[in-house]
Amino acid sequence: MTTGLSNTWFAERLGDHGIHSQYLEDHHPAHMPCLEIRRLDWAHAAEEAKRLEMRLVGVWAAQAGYHDDQKQLYTYMAFAHPEHRHVILRTTVNIEKLEIPSISSHYISACRMERHIQDMFGITIQNIPDTRLWLKHEHWPEDATPLMHDFDGKISLSSDPNRADIDYDYVPCDSESVYEIPVGPVHAGIIEPGHFRFLAVGEKILNMEERLGYVHKGIEKTMQGRKVDNGLKLAGRVSGDSTVGHSWAFAQACEYAANISIPKRASYIRGILCERERIANHIGDIGAICNDAAFAFMHVQCSRLREDMARLHAQAFGHRLLMDTLKIGGVAYDLSAETCQQLIQQTRHIAAEVERLRDIYADTPSIQQRVIGAGTVNVNDAKDIGLLGYVGRASGHYPDERIEEAYAPYDDLDIPMPQGKLGGVSTRVWVRFEEIANASRMIIQLLETLPEGDIQSEWKAPQAGVSGFTAIESWRGEIAAWVRFGKDGLIDRYFVRDPSTINWLGLELAVRTVPVPDFPLVNKSFNCSYAGNDL
Amino acid sequence: MLRILHQIMKVGTITEPLARNQDFEVLGEQLKSTVKKRFQGSLAIRLVDAGSCNGCELEIHAANNAYYDIERFGVHFTASPRFADMLLVTGPVSINMKTALEMTYDAMPAPKLVVAMGDCAINCGIFGQDNYAIAGSVSDIIPVDTIIHGCPPSPTALIQGILSTLNQPEG
Ligand code: SF4
């Protein structure tokens, strides 16, 4: 690696505070480096990152690959700074004593990810503020640690009969005037499963606690040993509504690891796909939010527009939801001049329709009364949690990897940032309307300036042990992905953090003191993914 | 208000006139008459996502949009399994959803029709049967009447699947 290109900013800051770090040569890209630090500096390094106003991107663990000293166990944490971008820190866990200090006192959003590490690896997180299980539900055998090499991931785990009656330890309340409402895992509508436990006083929510993990599908484990093409297919189904975002994150992490760049035309088409996905989801959500406040007109109109998009997607890209449209090294579909014209026309048409609907929405008092000021998250809390995507942008926290990381094709585009502050349902809807308008402009610009050339670079797998990291701004917000290759170009370990993992925390805050019947409305305005969180 | 009316007028009726699409016409009419015959004009469906990626759910939503408008055939989605005639299941059954799926099935009255929607529900799809977190495909957990292929199946395929379930001999 050319160390000249390496991003040394964080390493220098750590050095100023006596934390020694060492660059890992087998990690790419150089501008998002991976630094090895000593275990005893782990929590201190997180504290430094916090002081430098970096946001936490993810915390995860990995056993050394099959090519390596297999017993070795590492933990990783990644941070991002608006100017100095991403950096990953790694430390070695003592395999005689599986322990690592918690960083949750510096970054509250680390807590669920640390619990995930506890569940999956059996590593004890010292001083973790919440010791309960997370994705591992109570009925699992206690000693099951799926992401360790010696765990047989091929056999369906059977419940431990002795643990069948153990209940998750929800936050209790002894007060007589407080009542509990358990909701889920199967919800009333056509949505994903998860459990919400409300503590309510009269009409108002005192506290809401999420219990997720119901759709945990062992994605991290089953990714191991896959070929990249097959891994890409799986990555595209981490959360079906963000299939382009997740495919892009996986593909780009692999491409970074292998040090290959994709043709410019392919990056433009990826941008078009991702922005179309953004528009389709925002439109669908705006309709659903209005529907939850009994403004069915918007719902009918929005789902009509969404269907128009899906039909053109089927025609132009072979899939209504844009699944399997990316390839490692490029994209699966080229665009003819005619299809470009169709896409431009439809994007223009939809943008204009949405503007018309936006006027109607803004002028309808019945919906405005419900959304204004409902379910707020203030700026301090948003920054503290590190809320992502439109949820962050509605609450004064503005990370956008299209701007900060400026990966192709976004380096060729001007990306406006809707800067919300009030952080309620109406602000989140406002951000979404703005993003639809911005994404439409981007799509048209990308289509009008689509460079000639190939749509696919040749794939050449990196050597065993090489890792790659990337951050992609999906419609929900930043998806962070880290991949490490094993023998024969097979995937050895894949860590992915959907923005929902962080944004779910925002929902818990937003619904405090909100009337119980407003919960669906607030929930929809966040629309976090269960599948993306549960993996 | 005027603008709402204007918008409604401008868009007009987009629900696919049954005649526009030959197959869909036949399909819709058949579905409607079967629902009428067997369920007195109203078929209630309860959806359970047993571990899906949420792609299948998007297509179920689409079947409710104004183009397909599945409700006009008497088919609607219900919040409770207690009055559901049909259980629509998506996703491979995760070990964490198995109990909830069984309980939902048990809570339903006869005839307890079950449709497994999507490749995951049929054979665990891309997530694989040899996976610690997956209890099995839907038919490994509860009896299945019909399967609908696709990843995800299109709204038309969904409507077709529902119809073929109703057309199976009773019993
Ligand atoms: S069949 Fe496809 S769309 Fe449906 S849940 Fe499975 S992966 Fe998702």
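Residues numbered from 1 in each chain as written. Chains lettered and ligands numbered in written order. Predicted model: local features only at pLDDT ≥ 70, side-chain atom pairs only at ≥ 80, totals over all residues. Heavy atoms only, no water.

Chemist: How should the sheet that holds strand S14 (residues 467-474) of chain A be read in this particular structure?
Modeler: Picture the strands of a sheet paired through backbone hydrogen bonds; they go either parallel or antiparallel. All names here are of chain A. Taken in spatial order, the four strands line up as S2-S14-S15-S16 in an open sheet, and their pairing is mixed. Because the sheet does not close on itself, it has two edges, and the strands there are strand S2 (27-28) and strand S16 (491-497). The pairing of S14 with strand S15 (residues 477-485) spans eight bridges and is classified as antiparallel. Along S15, the bridge assignment pairs Ser 467 with Arg 484. (Pairing = 2+ DSSP bridges. Helix = DSSP H or I, 4+ residues; strand = E, 2+ residues; numbered from the N terminus.)

Chemist: Looking at this model, I keep getting lost on the site of the ligand. Mind explaining?
Modeler: For the ligand, the full set of nearby residues is Arg 237 and Met 323 of chain A together with Ser 52, Cys 53, Gly 55, Cys 56, Gly 118, Asp 119, Cys 120, Gly 150, Cys 151 and Pro 152 of chain B. Those residues lying near the ligand are distributed over chains A and B. Looking at the shell around the ligand, the elements with two or more residues in it are helix H3 (55-63) and helix H5 (119-123) of chain B. Its residues placed into classes, the shell around the ligand shows six nonpolar, four polar and two charged. (Near = heavy atom within 4 Å. Nonpolar A, V, L, I, M, F, W, Y, C, P; charged D, E, K, R; others polar.)

Chemist: What exactly am I supposed to notice about the packing of helix H7 (residues 264-292) of chain A against helix H8 (residues 296-317) of chain A here?
Modeler: Packed helix pairs are characterised by how far apart their axes lie and by the angle those axes make with each other. All names here are of chain A. Two numbers describe how H7 lies on H8: the axes approach to 7 Å, and their chain directions differ by 155°. Classified by the angle their axes make, H7 and H8 are roughly antiparallel. In terms of crossing hand, the pair formed by H7 and H8 is left-handed. By residue class, the composition of the contact of H7 with H8 is 15 nonpolar, six polar and two charged. (Axes fitted to C-alpha atoms, helices over the stretch in contact; angles between N-to-C directions. Parallel < 35°, antiparallel > 145°, perpendicular 65-115°, else oblique. Left-handed = near helix turned anticlockwise from the far one by under 90°.)

Chemist: Teacher, can you tell me more about the pairing of strand S3 (residues 34-37) of chain A here?
Modeler: Within a regular strand, the side chains alternate between the two sheet faces. Residues and elements named next belong to chain A. Neither face of S3 is exposed, since Cys 34 and Glu 36 on one face and Leu 35 and Ile 37 on the opposite face are all buried. Where strand S1 (residues 21-23) meets S3, three bridges bridge the pair, whose relative direction is antiparallel. Bridge pairing in S3 places Gln 22 opposite Glu 36. Strand direction decides the pairing type here: S3 and strand S6 (residues 85-93), joined by three bridges, are parallel. Each residue of the ladder has a partner; that of Glu 36, found in S6, is Arg 90. (Buried < 20%, exposed > 50% of the residue type's maximum accessible area, 1.4 Å probe, protein only.)

Chemist: When you look at the sheet that holds strand S11 (residues 204-211) of chain A in this model, what are you seeing that I'm missing?
Modeler: All names here are of chain A. In space, the three strands of this open sheet follow the order S9-S10-S11, with antiparallel pairing throughout. Lying at the two open borders of the sheet, with one neighbouring strand each, are strand S9 (178-183) and S11. With strand direction ignored, the average angle separating the axes of adjacent strands in the sheet is 20°.

Chemist: I'm lost on a nonpolar patch on the surface in this one. Help?
Modeler: Nonpolar side chains collect at one region of the surface, where Met 1, Leu 2, Leu 5 and Ile 8 of chain B lie side by side and expose about 460 Å² of accessible area between them. Using a relative accessible area of 43% as the deciding quantity, one classes Leu 5 of chain B as partly exposed. (Patch = residues over 30% accessible without salt bridge, like charges linked within 9 Å, V, L, I, M, F, W, Y side chains within 5 Å. Areas by Shrake-Rupley, 256 points an atom, 1.4 Å probe, with all protein chains shown as cover. Salt bridge = Lys/Arg side-chain N within 4 Å of Asp/Glu carboxyl O.)

Chemist: Please clarify how the domain arrangement of chain A should be interpreted in this entry.
Modeler: Think of interface size as the accessible area that goes away when the parts come together; that is how it is often given. Residue and element names in this part refer to chain A. When cut into domains, chain A gives domain 1 (8-126) and domain 2 (265-313 + 334-448). Taking only C-alpha atoms into account, the centre of domain 1 sits 34 Å from that of domain 2. On the domain 2 side, the residues contacting the 10 residues of domain 1 number eight residues. Counting each side, the surface lost to burial between domain 1 and domain 2 is near 750 Å², with a carbon and sulfur contribution of 44%. It is Arg 55, Pro 82 and Arg 85 in domain 1 that bury the most area against domain 2; as a group they hold 52% of the surface buried on that side. Taken together, the connections running from domain 1 to domain 2 amount to three salt bridges. For Arg 55, the salt bridge goes to Glu 401, with nearest N and O atoms at 2.7 Å. Between the two partners, domain 1 and domain 2, sit five residue pairs in polar contact (both at pLDDT 80 or more). When the residues that make up the side of domain 1 that touches domain 2 are grouped by side-chain class, the tally is three nonpolar, four polar and three charged. (Domains from an automatic or database assignment. Contact = heavy atoms within 4.5 Å. Buried area = accessible area lost by both parts, 1.4 Å probe. Polar contact = N/O pair within 3.5 Å; in protein donor to acceptor, adjacent residues only side chain to side chain.)

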